[in-house]
Amino acid sequence: MKKTILLLTMLFVSLSSKATLLTIDLNQDSYQVGDTLTADFIFTDIEDDSLGFQKLLSSFEFSFAWSNDLIEYSSTSFGNLLDVDPSFASFQTIDTETNSLTINELSFAQSIDLFTAQDGLSSFVLASINFNVLSNGEGEFILSNILFGDAFGNNFTNIANDIDDNYKPYVITATKPVDVPEPASILLLLMALMLIMKQRKVN
């Protein structure tokens, strides 16, 4: 009997051992001044419930900081896998400060609607945040205060949100565009004259 209980306990732990992650995917490796930097926030390695089924995400919240002298916040767009209730739009908020942002979304959808939208997906985008690149240098993106809620109103219990280990800063290189000097007007005139003289010799 004790062996059976131990086996069931180990099975329960193994089924629930997956650590849910929030990762950042950038649209480019490096940027020029004036470019748009887009950071996609991806929900992945989704935690299983006690029966081994992947949990459904019904709400999330996280904070996000950056080097404000290099980039400037522009806009946010939310993903479409929480806002799936046919009657009520999900509740979405964005709280911006000088060099940070807190974003959250709460779905009013039933479990069946969330299941239809999210079933079979190993990862999906929660939100995309756009920035204007302002100046040269390198900066950091840092995630913190990560919370996920399931379809039954419970918080995910196995979130890997140790910044030093799982959310290392993302480096942005904003390189200045190279200015190509325009040819002097006199040089253009000389080239045109040379071309005319060459054509006359041919004729």
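Below: a short report on this structure. A quick note: this is a predicted structure, and the numbers were derived from the prediction, not measured. (Residues numbered from 1 in each chain as written. Predicted model: local features only at pLDDT ≥ 70, side-chain atom pairs only at ≥ 80, totals over all residues. Heavy atoms only, no water.)

**Examining the overall build of the protein**
Turning to step 1, where the next piece is worked out: On a plain count of helices and strands, the protein comes out with 4 helices and 10 strands.
Turning to step 2, where the next piece is worked out: Ordering the α and β elements of the protein from the N terminus gives α-β-β-β-β-β-β-β-α-β-β-α-β-α.
Turning to step 3, where the next piece is worked out: Burial analysis of the protein (203 residues in total) assigns 32% to the buried set.
Turning to step 4, where the next piece is worked out: In the protein, the proportion of contacts linking residues at least 24 apart, taken out of those at least 6 apart, comes to 75%. (Helix = DSSP H or I, 4+ residues; strand = E, 2+ residues; numbered from the N terminus. Buried < 20%, exposed > 50% of the residue type's maximum accessible area, 1.4 Å probe, protein only. Contact = heavy atoms within 4.5 Å.)

**Regarding a nonpolar patch on the surface**
Turning to step 1, where the next piece is worked out: Taken together, the side chains of Phe88, Phe91, Leu106 and Phe108 define a hydrophobic patch exposed on the protein surface, amounting to about 420 Å² of accessible area.
Turning to step 2, where the next piece is worked out: Looking at the element boundaries, Phe88 is found in the loop between β5 (71-78) and β6 (91-96).
Turning to step 3, where the next piece is worked out: The exposure class of Phe88 is exposed, given its relative accessible area of 56%. (Patch = residues over 30% accessible without salt bridge, like charges linked within 9 Å, V, L, I, M, F, W, Y side chains within 5 Å. Areas by Shrake-Rupley, 256 points an atom, 1.4 Å probe, with all protein chains shown as cover. Salt bridge = Lys/Arg side-chain N within 4 Å of Asp/Glu carboxyl O.)

**Details of the pattern of salt bridges**
Turning to step 1, where the next piece is worked out: This structure, assessed with the given rule, holds 1 salt bridge.
Turning to step 2, where the next piece is worked out: As a salt-bridge pair, Lys55 and Glu47 come within 2.9 Å of each other at their nearest N and O atoms. We note that Lys55, like Glu47, is buried.

**Brief notes about the nonpolar core**
Turning to step 1, where the next piece is worked out: Residues Phe64, Phe141 and Phe148 are the most contacted members of the largest nonpolar core, which totals 34 residues.
Turning to step 2, where the next piece is worked out: Looking at this core, the elements with two or more residues in it are β1 (21-26), β3 (36-44), β4 (57-65), β5, β7 (100-106), β8 (123-133) and β9 (138-150).
Turning to step 3, where the next piece is worked out: It is β8 that contributes the most residues to this core, 6 residues altogether.
Turning to step 4, where the next piece is worked out: Phe64 has contacts with Ile24, Phe41, Asn99, Ser100, Leu101, Ile129, Phe131, Phe141, Ile142 and Leu143, leaving out every residue within four places of it along the chain. (Core = buried A, V, L, I, M, F, W, Y, C linked by side-chain atoms within 4.5 Å.)

**Re unusual backbone geometry**
Turning to step 1, where the next piece is worked out: A positive phi angle, close to 50 degrees, is found at Asp45, a residue other than glycine.
Turning to step 2, where the next piece is worked out: Here Asp45 lies in the loop between β3 and β4.

**Details of the sheet that holds β1**
Turning to step 1, where the next piece is worked out: Read across the open sheet, the 4 strands follow the order β1-β3-β8-β5; overall the sheet is antiparallel. Lying at the two open borders of the sheet, with one neighbouring strand each, are β1 and β5. This sheet shows a mean twist of 25 degrees between the axes of neighbouring strands, independent of strand direction.
Turning to step 2, where the next piece is worked out: Bridge count between β5 and β8: 7 bridges; the pairing is antiparallel. (Pairing = 2+ DSSP bridges. Axes fitted to C-alpha atoms, helices over the stretch in contact; angles between N-to-C directions.)

**Observations regarding the packing of aromatic side chains**
Turning to step 1, where the next piece is worked out: The tally for this structure, following the rule as stated, stands at 14 aromatic pairs.
Turning to step 2, where the next piece is worked out: Summarising the aromatic geometry, the rings of Phe64 and Phe131 are spaced 6.1 Å apart at their centres and angled 55 degrees between planes, so their arrangement reads as tilted. Here Phe64 is found in strand β4, whereas its partner Phe131 is found in strand β8, with 67 residues between them in sequence. Each member of the pair Phe64 and Phe131 is classed as buried.
Turning to step 3, where the next piece is worked out: Its relative accessible area of 0% is what places Phe131 among the buried residues.
Turning to step 4, where the next piece is worked out: One Lys or Arg, Lys55, reaches over the ring of Phe156 and ends 5.2 Å from the middle of that ring. (Phe/Tyr/Trp six-rings, centres within 6.5 Å; stacked < 30°, edge-to-face > 60°. Lys NZ or Arg CZ within 6 Å of the ring centre and 35° of its normal.)

**What to know about the side chain of Thr20**
Turning to step 1, where the next piece is worked out: Along the chain, Thr20 falls in the loop between α1 (2-15) and β1.
Turning to step 2, where the next piece is worked out: A polar side-chain atom of Thr20 sits 2.8 Å from the main-chain amide nitrogen of Glu47. (Polar contact = N/O pair within 3.5 Å; in protein donor to acceptor, adjacent residues only side chain to side chain.)

Read these as geometric descriptors, not functional statements.
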